[in-house]
Amino acid sequence: MRLLIHRNYEKACAWIGDYITKRIRDFNPQKENPFVIGLPTGSSPLGVYRELIKKHKNGEVSFANVISFNMDEYAGLPPDHPQSYARFMKDNFFGSVDIDPKNTHIPNGLAPDLAKECLAYEEAIRAGGGIELFLGGVGSDGHIAFNEPGSSLASRTRIKTLTPETRRDNARFFGGDESKVPATALTVGVGTVMDAREVVIIACGRNKAPALRAAVEGGVSHWCPLSCLQMHPKAIIVCDEDAAGALRASTVKYFKDIERDAI
Ligand code: GLP
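Values in this document were obtained by computation on a predicted structure and should not be read as measured data.

### Considering the overall build of the chain
The secondary structure content of the chain amounts to eight helices and 10 strands. Since a compact globule built from 263 residues should have a radius of gyration of about 18 Å, the 17 Å found for the chain is in line with a globular shape. Projected onto the principal axes, the alpha-carbon positions of the chain cover approximately 50 × 45 × 35 Å. Put simply, 79% of the contacts in the chain that link residues at least 6 apart link residues at least 24 apart. On the chain, roughly 11,600 Å² of surface is accessible, and the fraction owed to carbon and sulfur atoms is 52%. In the chain, 32 side chains carry a positive charge and 32 a negative one; their mean positions are 2 Å apart.

Below is the structure:
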(Lines give C-alpha, C1' and ligand atoms only; values in the text may rest on other atoms or scores of the structure.)
Protein backbone atom coordinates (compact mmCIF):
# COMPACT_ATOMS: atom_id res chain seq x y z
CA MET A 1 0.00 0.00 0.00
CA ARG A 2 1.36 3.40 -0.94
CA LEU A 3 0.80 6.51 1.17
CA LEU A 4 1.27 9.91 -0.45
CA ILE A 5 1.35 12.75 2.07
CA HIS A 6 0.57 16.09 0.44
CA ARG A 7 0.90 19.53 1.98
CA ASN A 8 -2.83 20.23 1.80
CA TYR A 9 -6.17 19.15 0.35
CA GLU A 10 -5.75 21.08 -2.92
CA LYS A 11 -2.40 19.39 -3.66
CA ALA A 12 -3.90 15.97 -2.85
CA CYS A 13 -6.81 16.58 -5.24
CA ALA A 14 -4.55 17.90 -8.00
CA TRP A 15 -2.38 14.78 -7.72
CA ILE A 16 -5.38 12.44 -7.92
CA GLY A 17 -6.83 14.43 -10.84
CA ASP A 18 -3.55 14.04 -12.73
CA TYR A 19 -3.30 10.37 -11.82
CA ILE A 20 -6.80 9.42 -12.94
CA THR A 21 -6.37 11.41 -16.15
CA LYS A 22 -3.16 9.56 -16.90
CA ARG A 23 -4.70 6.17 -16.08
CA ILE A 24 -7.66 6.80 -18.42
CA ARG A 25 -5.44 8.13 -21.20
CA ASP A 26 -2.95 5.26 -20.94
CA PHE A 27 -5.85 2.77 -20.97
CA ASN A 28 -7.07 4.39 -24.18
CA PRO A 29 -10.70 3.34 -23.64
CA GLN A 30 -12.86 2.45 -26.63
CA LYS A 31 -16.58 1.80 -26.90
CA GLU A 32 -15.95 -1.93 -26.87
CA ASN A 33 -13.23 -1.66 -24.20
CA PRO A 34 -14.35 1.03 -21.75
CA PHE A 35 -12.53 2.21 -18.63
CA VAL A 36 -14.60 1.16 -15.61
CA ILE A 37 -14.24 3.47 -12.65
CA GLY A 38 -15.71 3.30 -9.14
CA LEU A 39 -16.68 6.66 -7.70
CA PRO A 40 -17.42 8.11 -4.26
CA THR A 41 -19.46 10.96 -2.85
CA GLY A 42 -18.80 13.04 0.27
CA SER A 43 -16.93 16.31 0.59
CA SER A 44 -13.47 14.78 0.05
CA PRO A 45 -13.83 13.90 -3.66
CA LEU A 46 -15.27 17.32 -4.57
CA GLY A 47 -11.80 18.76 -5.26
CA VAL A 48 -10.93 15.73 -7.38
CA TYR A 49 -14.11 16.17 -9.44
CA ARG A 50 -13.27 19.86 -9.91
CA GLU A 51 -9.80 18.88 -11.19
CA LEU A 52 -11.24 16.27 -13.57
CA ILE A 53 -13.84 18.72 -14.90
CA LYS A 54 -11.08 21.30 -15.49
CA LYS A 55 -9.00 18.73 -17.33
CA HIS A 56 -11.98 17.64 -19.37
CA LYS A 57 -12.71 21.24 -20.38
CA ASN A 58 -9.02 21.68 -21.36
CA GLY A 59 -9.34 18.65 -23.62
CA GLU A 60 -6.96 16.56 -21.51
CA VAL A 61 -9.43 13.76 -20.72
CA SER A 62 -12.68 12.38 -22.09
CA PHE A 63 -15.19 10.24 -20.24
CA ALA A 64 -17.04 9.24 -23.40
CA ASN A 65 -15.81 5.66 -23.05
CA VAL A 66 -15.86 5.51 -19.27
CA ILE A 67 -18.39 3.49 -17.29
CA SER A 68 -18.92 4.42 -13.66
CA PHE A 69 -20.23 2.61 -10.61
CA ASN A 70 -20.86 4.66 -7.51
CA MET A 71 -20.06 3.21 -4.12
CA ASP A 72 -23.31 3.77 -2.35
CA GLU A 73 -26.68 5.46 -1.98
CA TYR A 74 -29.00 6.25 0.90
CA ALA A 75 -32.03 3.95 1.14
CA GLY A 76 -35.33 5.72 0.67
CA LEU A 77 -34.15 8.90 -1.05
CA PRO A 78 -35.43 9.58 -4.57
CA PRO A 79 -32.66 10.29 -7.13
CA ASP A 80 -33.66 13.95 -7.36
CA HIS A 81 -33.54 14.50 -3.59
CA PRO A 82 -30.92 17.21 -2.96
CA GLN A 83 -28.96 14.87 -0.65
CA SER A 84 -29.21 11.71 -2.72
CA TYR A 85 -25.90 10.55 -4.12
CA ALA A 86 -27.49 10.38 -7.58
CA ARG A 87 -28.14 14.11 -7.40
CA PHE A 88 -24.68 14.76 -5.91
CA MET A 89 -23.00 13.05 -8.84
CA LYS A 90 -25.10 14.88 -11.41
CA ASP A 91 -24.47 18.27 -9.81
CA ASN A 92 -20.79 17.80 -9.03
CA PHE A 93 -19.45 15.68 -11.85
CA PHE A 94 -21.60 13.91 -14.42
CA GLY A 95 -23.36 17.10 -15.47
CA SER A 96 -20.04 18.77 -16.35
CA VAL A 97 -18.24 16.05 -18.33
CA ASP A 98 -18.98 14.01 -21.44
CA ILE A 99 -19.89 10.77 -19.67
CA ASP A 100 -22.99 9.12 -21.15
CA PRO A 101 -25.64 9.05 -18.39
CA LYS A 102 -26.47 5.51 -19.57
CA ASN A 103 -22.95 4.51 -18.51
CA THR A 104 -23.31 5.78 -14.96
CA HIS A 105 -24.54 3.43 -12.24
CA ILE A 106 -25.71 4.25 -8.73
CA PRO A 107 -27.60 1.82 -6.50
CA ASN A 108 -31.29 2.65 -6.50
CA GLY A 109 -32.28 3.47 -2.95
CA LEU A 110 -35.93 3.35 -3.93
CA ALA A 111 -35.90 -0.10 -5.52
CA PRO A 112 -38.92 -2.13 -4.40
CA ASP A 113 -36.65 -5.03 -3.44
CA LEU A 114 -33.40 -3.60 -2.08
CA ALA A 115 -31.71 -6.97 -1.60
CA LYS A 116 -32.38 -7.80 -5.27
CA GLU A 117 -31.07 -4.37 -6.29
CA CYS A 118 -27.80 -5.10 -4.44
CA LEU A 119 -27.37 -8.46 -6.18
CA ALA A 120 -28.09 -6.86 -9.56
CA TYR A 121 -25.51 -4.15 -8.84
CA GLU A 122 -22.78 -6.73 -8.20
CA GLU A 123 -23.82 -8.52 -11.36
CA ALA A 124 -23.65 -5.30 -13.39
CA ILE A 125 -20.10 -4.65 -12.16
CA ARG A 126 -19.12 -8.19 -13.11
CA ALA A 127 -20.79 -7.89 -16.50
CA GLY A 128 -18.91 -4.62 -17.08
CA GLY A 129 -15.62 -6.50 -16.73
CA GLY A 130 -14.89 -5.42 -13.13
CA ILE A 131 -13.66 -2.10 -11.85
CA GLU A 132 -10.31 -0.86 -13.13
CA LEU A 133 -9.88 1.88 -10.54
CA PHE A 134 -11.98 2.51 -7.46
CA LEU A 135 -11.70 6.02 -6.08
CA GLY A 136 -12.94 6.33 -2.51
CA GLY A 137 -13.02 8.47 0.57
CA VAL A 138 -12.99 7.36 4.18
CA GLY A 139 -15.27 8.06 7.11
CA SER A 140 -13.91 9.36 10.40
CA ASP A 141 -14.51 5.88 11.85
CA GLY A 142 -12.52 4.23 9.04
CA HIS A 143 -15.52 3.20 6.91
CA ILE A 144 -15.16 2.90 3.16
CA ALA A 145 -18.29 3.43 1.06
CA PHE A 146 -20.82 2.72 3.83
CA ASN A 147 -18.98 -0.29 5.24
CA GLU A 148 -19.05 0.65 8.87
CA PRO A 149 -16.65 -0.81 11.48
CA GLY A 150 -17.39 -4.48 11.94
CA SER A 151 -18.31 -4.98 8.28
CA SER A 152 -17.11 -8.24 6.84
CA LEU A 153 -13.94 -7.68 4.87
CA ALA A 154 -15.40 -10.12 2.31
CA SER A 155 -18.74 -8.28 2.05
CA ARG A 156 -20.52 -7.57 -1.24
CA THR A 157 -23.11 -4.95 -2.18
CA ARG A 158 -25.85 -4.94 0.45
CA ILE A 159 -27.98 -2.86 2.80
CA LYS A 160 -26.16 -1.43 5.81
CA THR A 161 -27.33 0.35 8.92
CA LEU A 162 -25.38 3.55 9.45
CA THR A 163 -23.68 4.18 12.78
CA PRO A 164 -24.61 7.18 14.93
CA GLU A 165 -21.12 8.60 14.19
CA THR A 166 -21.69 8.49 10.43
CA ARG A 167 -25.17 9.99 10.74
CA ARG A 168 -23.71 12.72 12.93
CA ASP A 169 -20.89 13.38 10.42
CA ASN A 170 -23.33 13.50 7.50
CA ALA A 171 -25.95 15.63 9.28
CA ARG A 172 -24.13 18.69 7.91
CA PHE A 173 -25.62 17.88 4.51
CA PHE A 174 -29.12 17.63 6.01
CA GLY A 175 -29.29 21.07 7.61
CA GLY A 176 -27.46 19.76 10.68
CA ASP A 177 -30.40 17.52 11.59
CA GLU A 178 -29.16 14.01 12.32
CA SER A 179 -32.69 12.61 12.33
CA LYS A 180 -33.02 13.54 8.64
CA VAL A 181 -30.03 11.37 7.67
CA PRO A 182 -31.40 8.03 6.42
CA ALA A 183 -30.69 5.18 8.84
CA THR A 184 -29.74 2.70 6.11
CA ALA A 185 -27.89 2.73 2.82
CA LEU A 186 -27.04 0.48 -0.10
CA THR A 187 -23.30 0.07 -0.38
CA VAL A 188 -20.76 -1.92 -2.30
CA GLY A 189 -18.97 -4.31 0.04
CA VAL A 190 -15.37 -4.28 1.18
CA GLY A 191 -14.91 -7.32 -1.05
CA THR A 192 -16.34 -5.37 -4.00
CA VAL A 193 -13.76 -2.62 -3.47
CA MET A 194 -11.00 -5.19 -3.02
CA ASP A 195 -11.90 -6.77 -6.39
CA ALA A 196 -11.05 -3.52 -8.20
CA ARG A 197 -7.74 -3.75 -10.00
CA GLU A 198 -6.62 -0.55 -8.29
CA VAL A 199 -7.91 1.45 -5.32
CA VAL A 200 -7.17 5.14 -4.65
CA ILE A 201 -8.41 6.64 -1.38
CA ILE A 202 -8.46 10.31 -0.48
CA ALA A 203 -8.16 11.07 3.25
CA CYS A 204 -7.85 14.72 4.21
CA GLY A 205 -8.43 16.73 7.37
CA ARG A 206 -7.74 16.22 11.05
CA ASN A 207 -10.91 14.18 11.64
CA LYS A 208 -9.51 11.42 9.39
CA ALA A 209 -6.25 11.11 11.38
CA PRO A 210 -7.34 8.28 13.75
CA ALA A 211 -8.70 6.22 10.83
CA LEU A 212 -5.52 6.74 8.84
CA ARG A 213 -3.35 5.73 11.78
CA ALA A 214 -5.38 2.55 12.28
CA ALA A 215 -5.26 1.69 8.58
CA VAL A 216 -1.55 2.37 8.09
CA GLU A 217 0.03 1.47 11.40
CA GLY A 218 -2.49 -1.02 12.79
CA GLY A 219 -3.20 -4.53 11.55
CA VAL A 220 -5.89 -5.56 9.08
CA SER A 221 -9.14 -5.35 11.02
CA HIS A 222 -12.85 -5.13 10.34
CA TRP A 223 -12.83 -2.48 13.04
CA CYS A 224 -11.18 -0.16 10.51
CA PRO A 225 -12.49 -1.24 7.08
CA LEU A 226 -9.92 1.02 5.36
CA SER A 227 -7.19 -1.28 6.70
CA CYS A 228 -8.30 -3.90 4.12
CA LEU A 229 -6.09 -2.02 1.66
CA GLN A 230 -3.08 -3.66 3.28
CA MET A 231 -4.23 -6.81 1.46
CA HIS A 232 -4.77 -5.10 -1.91
CA PRO A 233 -2.09 -5.56 -4.57
CA LYS A 234 -2.43 -1.99 -5.87
CA ALA A 235 -3.69 0.56 -3.39
CA ILE A 236 -2.79 4.20 -2.81
CA ILE A 237 -3.94 6.41 0.05
CA VAL A 238 -3.55 10.09 -0.81
CA CYS A 239 -3.71 12.28 2.29
CA ASP A 240 -2.81 15.72 3.56
CA GLU A 241 -0.59 16.70 6.49
CA ASP A 242 -3.62 17.03 8.77
CA ALA A 243 -4.84 13.50 8.15
CA ALA A 244 -1.26 12.26 8.64
CA GLY A 245 -1.16 14.07 11.98
CA ALA A 246 -1.63 11.01 14.18
CA LEU A 247 0.98 8.85 12.41
CA ARG A 248 4.33 8.28 14.07
CA ALA A 249 7.03 10.72 12.93
CA SER A 250 9.03 7.74 11.65
CA THR A 251 6.06 6.55 9.54
CA VAL A 252 5.65 9.97 7.97
CA LYS A 253 9.38 10.18 7.24
CA TYR A 254 9.34 6.67 5.76
CA PHE A 255 6.55 7.39 3.29
CA LYS A 256 7.83 10.88 2.45
CA ASP A 257 11.24 9.39 1.65
CA ILE A 258 10.03 6.56 -0.56
CA GLU A 259 7.43 8.69 -2.35
CA ARG A 260 9.77 11.68 -2.79
CA ASP A 261 9.62 11.51 -6.59
CA ALA A 262 5.85 10.90 -6.79
CA ILE A 263 4.75 14.12 -5.13
C1 GLP B 1 -19.97 9.01 3.45
C2 GLP B 1 -19.76 8.19 2.19
C3 GLP B 1 -18.33 7.69 2.10
C4 GLP B 1 -17.38 8.83 2.32
C5 GLP B 1 -17.57 9.38 3.70
C6 GLP B 1 -16.62 10.52 4.06
O7 GLP B 1 -20.23 8.25 4.58
N8 GLP B 1 -20.63 7.08 2.11
O9 GLP B 1 -18.13 7.11 0.82
O10 GLP B 1 -16.06 8.38 2.17
O11 GLP B 1 -18.91 9.87 3.75
O12 GLP B 1 -17.13 11.72 3.68
P13 GLP B 1 -16.36 13.08 3.62
O14 GLP B 1 -15.46 12.99 2.47
O15 GLP B 1 -17.42 14.11 3.45
O16 GLP B 1 -15.62 13.21 4.91
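### Observations concerning helix α1 (residues 9-27)
Here α1 spans 27 Å end to end across 19 residues, near enough to the 27 Å set by a 1.5 Å rise per residue. Ala 12, Cys 13, Trp 15, Ile 16, Gly 17, Tyr 19, Ile 20, Thr 21, Arg 23 and Ile 24 are the residues of α1 that are buried. Of the residues that open α1, the one with a side-chain oxygen 3.3 Å from the backbone nitrogen of Glu 10 is Asn 8. Note on α1: the residue one or two positions beyond its end, Asn 28, has a positive phi of about 55°.

### Structural notes on the sheet that holds strand β5 (residues 104-105)
Here we have seven strands laid out as an open sheet, ordered β1-β10-β9-β6-β2-β3-β5, and parallel in their pairing. If you trace the sheet from one side to the other, it starts and ends with β1 (2-6) and β5, each paired once. Alignment of strand β2 (residues 35-39) against strand β6 (residues 133-136), held across two bridges, turns out to be parallel. Each bridged residue has a counterpart across the sheet, and for Ile 37 the counterpart in β6 is Leu 133. The strands touched by α1 within the sheet are β1, β2, β3 (66-70), β6, β9 (199-203) and β10 (235-240), with β10 carrying the most contacts at an inclination of about 150°.

### Overview of the site of the ligand
Surveying the vicinity of the ligand reveals 13 residues, the closest of which are Ser 43, Ser 44, Asp 72, Arg 172 and Lys 208. The side chain of Asn 170 places a nitrogen or oxygen atom 3.5 Å from an oxygen atom of the ligand. Residue Arg 172 places a side-chain N or O atom 2.7 Å away from an oxygen atom belonging to the ligand. Against a free-state accessible area of 390 Å², the protein chains account for coverage of 96% of the ligand.

Scoring rules and cut-offs
Residues numbered from 1 in each chain as written. Predicted model: local features only at pLDDT ≥ 70, side-chain atom pairs only at ≥ 80, totals over all residues. Heavy atoms only, no water. Helix = DSSP H or I, 4+ residues; strand = E, 2+ residues; numbered from the N terminus. Rg over C-alpha atoms; globule rule 2.2 N^0.38 Å. Contact = heavy atoms within 4.5 Å. Areas by Shrake-Rupley, 256 points an atom, 1.4 Å probe, with all protein chains shown as cover. Lys, Arg positive; Asp, Glu negative; His and termini not counted. Charge placed at Lys NZ, Arg CZ, Asp CG, Glu CD. Expected span 1.5 Å × (residues − 1). Buried < 20%, exposed > 50% of the residue type's maximum accessible area, 1.4 Å probe, protein only. Polar contact = N/O pair within 3.5 Å; in protein donor to acceptor, adjacent residues only side chain to side chain. Pairing = 2+ DSSP bridges. Axes fitted to C-alpha atoms, helices over the stretch in contact; angles between N-to-C directions. Near = heavy atom within 4 Å.

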